[in-house]
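One letter stands for each residue in the lines below.
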Amino acid sequence: MTDAQANLDRFNAMAAEWDDNPMRAGIARAVAAAIADTLPLRADMQALEYGCGTGLVSVLLAPRLGHIVAADVAAAMLDVLDAKCHAAGLAHIETRRLDLTADPLPAERFDIIFSSMTLHHIEDVPAVLQSLAGLLKPGGWLALADLDREDGGFHGGPMPGVFHLGFERAWVMDRLRTLGLADVAAGTAHTVHRAAPGGDAAYPIFLISARRPV
Ligand SMILES: C[S@@+](CC[C@H](N)C(=O)[O-])C[C@H]1O[C@@H](n2cnc3c(N)ncnc32)[C@H](O)[C@@H]1O
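These figures come from a predicted structure and were not determined experimentally.

A.B. asks: For the pairing of strand S2 (residues 67-72), give the residues involved together with the corresponding values.
C.D. replies: When you tally the buried positions in S2, you get five out of six residues, the bulk of the element. As paired elements, strand S1 (residues 46-50) and S2 share five bridges and run parallel to each other. Looking at S2, one finds that Ala47 is bridged to Ile68. Considered for its hand, the β-α-β crossover made up of S1, helix H3 (residues 56-61) and S2 is right-handed. Sheet topology places S2 next to strand S3 (residues 93-97); five bridges connect them, and they run parallel. Bridge pairing in S3 places Val69 opposite Glu94. What joins S2 to S3 is helix H4 (residues 75-88), and the crossover it makes is right-handed.

A.B. asks: I'd like a rundown of helix H1 (residues 3-14), residues and numbers included.
C.D. replies: Given a rise of 1.5 Å per residue, twelve residues ought to cover 16 Å, and the 16 Å separating the end C-alpha atoms of H1 matches this to within 8%. Buried residues of H1: Asn7, Leu8 and Phe11, and no others. The arc enclosing the buried residues of H1, seen along the axis, measures out at 95°, which places them on a common side. Residues of H1 that are exposed and point over 90 degrees away from its buried face: Gln5 and Ala13. Of the surrounding elements, those touching the buried residues of H1 are H4.

A.B. asks: I'd like a rundown of unusual backbone geometry, residues and numbers included.
C.D. replies: Phi is positive for Met117, close to 65°, though the residue is something other than glycine. Relative to the elements of secondary structure, Met117 occurs in the loop between strand S4 (110-116) and helix H5 (125-134). Even without being glycine, Asp183 reaches a positive phi, approximately 50°. With respect to the helices and strands, Asp183 occurs in strand S6 (residues 182-196).

A.B. asks: Describe the site of the ligand, naming the residues involved and giving the relevant values.
C.D. replies: Taken together, 21 residues are adjacent to the ligand, and Phe11, Gly51, Gly53, Val73 and Ala74 come closest. Listed by contribution, the elements that provide at least two residues to the shell around the ligand are H1, helix H2 (22-38) and H3. Tallied by class, the residues present in the shell around the ligand amount to eleven nonpolar, seven polar and three charged.

Rules used in this analysis
- Residues numbered from 1 in each chain as written.
- Predicted model: local features only at pLDDT ≥ 70, side-chain atom pairs only at ≥ 80, totals over all residues.
- Buried ≥ 20, exposed ≤ 12 C-beta atoms within 10 Å, placed from the backbone.
- Helix = DSSP H or I, 4+ residues; strand = E, 2+ residues; numbered from the N terminus.
- Pairing = 2+ DSSP bridges.
- Right-handed = clockwise from strand over helix to strand, strands pointing away.
- Expected span 1.5 Å × (residues − 1).
- Arc of directions from axis to C-beta.
- Contact = placed C-beta atoms within 7 Å.
- Near = placed C-beta within 6 Å.
- Nonpolar A, V, L, I, M, F, W, Y, C, P; charged D, E, K, R; others polar.

Bear in mind that shape data such as this cannot, by itself, settle questions of function.
Written out as structure tokens, the structure reads:
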């Protein structure tokens, strides 16, 4: 079995209980707040969340945005989000099965694209960043949240489908500039604290934003 298939099987298996984990809910709240503080959200914006999972971030940002395409490779995650949207009357969140490492680019272009805690599960990050940048409208914003470079402790040791132990912020920012994006900026959205053998371990999560020039 490939690492990507192991990843897909794991996320599909975890979908029903995904929202029960307080750490995940805390990360999503902090990332949504950081996006709302950093980007000029408007109710007429067309948005894409890439790697939405059960839509923890999309649901929080939904009142501030127009239409949201919430995309993920794992169908069971999208089923959970569909049920939540149905129950909450969130008709402007549209779920879509999408893997930018294998599928053609969607036809639409977006005012804002955001992604939280997904990039470290993707092997070819430069290719996906290129796809995400290409999906922005002129003037559109990209916001990426993920782990700073870490020691592997965040996932409790090696795990198939965890392709990157976080990222150097400068590397991500350089890639975005190379793709022609401007106004590239970074901040810390949240820090996860976990008990570790040597004491408390801290795992900061960055939010890197950038804009496609008009
Ligand atoms: C750690 S979860 C984060 C989910 C959600 N963003 C959250 O904050 O709860 C990573 C998500 O990325 C998705 N994912 C992994 N590889 C992907 C790919 N190549 N294309 C789209 N989604 C992917 C997984 O299915 C999973 O839902």
